[in-house]
Amino acid sequence: MQKLKYTDNGISYIENVDFWKFVNATLNPDPICGECLKPIANEKFVLIPILNEVYCKKCAKEVLQQMKWYEKDRNIHDARTQYWCRAFGINIEGGKENAVK
Ligand SMILES: [Zn+2]
């Protein structure tokens, strides 16, 4: 199931992106991992809103570990998080309650 989560430093990511909701939102039927460039249409993948990019699970973990929070990016971070959650039909408030702190 799709789920909005947050890293320890507050960066949002969406786990288990629904492939068809992704296609509907992006008109991209052939997503590839933004890190290793592997096609990921056939697996559960991760979207990182602040980067506007999707990743395979393995790369998402590595990318998220290396990301730093920049306060100046808060507005765009929040706006992109809202945009993608709306596109995927994810309830943001529910996501925040369930967020990994
Ligand atoms: Zn990858």
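Details of the structure are given in the entry above.
Residues numbered from 1 in each chain as written. Predicted model: local features only at pLDDT ≥ 70, side-chain atom pairs only at ≥ 80, totals over all residues. Heavy atoms only, no water.

A. Looking closely at the side chain of Thr 81. Note on placement: Thr 81 falls in helix α3 (residues 74-88). Overall, the relative accessible area of 3% leaves Thr 81 in the buried class. Residues contacting Thr 81, with those up to four places away along its chain left out, are Leu 4, Tyr 6, Ser 12, Pro 49 and Ile 92. (Helix = DSSP H or I, 4+ residues; strand = E, 2+ residues; numbered from the N terminus. Buried < 20%, exposed > 50% of the residue type's maximum accessible area, 1.4 Å probe, protein only. Contact = heavy atoms within 4.5 Å.)

B. Summary view of the coordination of the zinc ion. In the first shell of the zinc ion, the protein supplies Cys 33 (SG), Cys 36 (SG), Cys 56 (SG) and Cys 59 (SG), at 2.3 to 2.4 Å from the metal. All donors of the zinc ion come from a single chain, and their spacing in sequence reads C-x2-C-x19-C-x2-C. Here the residue Cys 33 occupies a position in the loop between α1 (19-26) and β3 (45-48), and Cys 59 occupies one in helix α2 (residues 57-66), the gap between them amounting to 26 residues. Pair check on accessibility: Cys 33 and Cys 59 agree, each one buried. (Donors = N, O, S within 2.8 Å, 3.2 Å for Na, K, Ca; no water.)

C. Looking closely at the pattern of salt bridges. In the structure shown here, the tally under the stated rule is five salt bridges. Notably, a salt bridge pairs Glu 15 with Lys 5, separated by 3.2 Å at the nearest N-O pair. Note that Glu 15 is positioned in strand β2 (residues 12-17) and Lys 5 in strand β1 (residues 3-6), a separation of ten residues in sequence. A salt bridge links Lys 72 to Asp 73, with the shortest nitrogen-to-oxygen separation between them at 3.6 Å. Accessibility expressed as a relative area gives 70% for Lys 72, which makes it exposed. By relative accessible area, which is 23% here, Asp 73 ends up partly exposed. (Salt bridge = Lys/Arg side-chain N within 4 Å of Asp/Glu carboxyl O.)

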